[in-house]
Amino acid sequence: GVTILGSNVDESTDEEEGEEGGQPRQGGAQGQHSIPLVGTSIAPQHCRITNEEGQVTLSAIEGALTYVNGKRISEPTLLRQGHRIVVGSSHVFRFNDPVEAARLRKEREEYIAAHPNEAL
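Residues numbered from 1 in each chain as written. Predicted model: local features only at pLDDT ≥ 70, side-chain atom pairs only at ≥ 80, totals over all residues. Heavy atoms only, no water.

### Quick notes on the overall build of the chain
Across its full length, the chain carries one helix and 10 strands. Here the chain, with 120 residues, has 33% of them falling under the buried criterion. Of the contacts made within the chain by residues no fewer than 6 positions apart, 29% connect residues no fewer than 24 positions apart. Per element, the accessible surface of the chain, about 7,500 Å² overall, is 48% carbon and sulfur. (Helix = DSSP H or I, 4+ residues; strand = E, 2+ residues; numbered from the N terminus. Buried < 20%, exposed > 50% of the residue type's maximum accessible area, 1.4 Å probe, protein only. Contact = heavy atoms within 4.5 Å. Areas by Shrake-Rupley, 256 points an atom, 1.4 Å probe, with all protein chains shown as cover.)

What follows is the structure, encoded as structure tokens:
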């Protein structure tokens, strides 16, 4: 899912949790979007989040200002656990992949168990 970190997204909706039912999610300023966004730097059709067999990608539409981990994207970009997404100039999100997060937690726990005297 996608977690809103700080944004002026219409919080009266529950649509910020990423993709549902395999359907692409879209963010933009006009029309019915899965993640409605407001702002002068938000295009009417701004970006698209797609999930194909667990591989989630973010695509900017029509050169809209869209960043992943501080880098402006112009083509579909694979998202990973914890990636920071900025849409426009002020909408900040954090990508959360529950499967990848669980795997990373398990690896961390196994490392700590195998190296109890090491500081993290």
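On we go from here.
### Description of the pattern of salt bridges
The tally for this structure, following the rule as stated, stands at three salt bridges. Among the salt bridges present, the one from glutamate 100 reaches arginine 103, with a minimum N-O distance of 3.7 Å. Placement of the pair is glutamate 100 and arginine 103 together in helix 1 (residues 98-114), with a separation of three residues, close to one helical turn. Accessibility expressed as a relative area gives 40% for arginine 103, which makes it partly exposed. Linking lysine 106 and glutamate 110 is a salt bridge whose minimum nitrogen-to-oxygen distance equals 4.0 Å. Placement of both lysine 106 and glutamate 110 in helix 1 is noted, with a separation of four residues, approximately one turn of the helix. On the basis of relative accessibility, which here comes to 45%, the residue glutamate 110 falls in the partly exposed class. Where salt bridges share partners, they join Glu100, Arg103 and Glu107 into one cluster. (Salt bridge = Lys/Arg side-chain N within 4 Å of Asp/Glu carboxyl O.)

### Comments concerning the pairing of strand 9 (residues 84-87)
With three bridges joining them, strand 6 (residues 66-68) and strand 9 adopt antiparallel strand pairing. If you follow tyrosine 67 over to strand 9, its bridge partner there is valine 86. Sheet analysis places strand 9 next to strand 10 (residues 91-95), joined by four bridges and oriented antiparallel. Within the sheet, the bridge partner assigned to arginine 84 lies in strand 10 and is arginine 94. Here strand 9 folds back onto strand 10 in antiparallel fashion, the turn holding three residues, of which glycine 88 has a positive phi close to 70°. (Pairing = 2+ DSSP bridges.)

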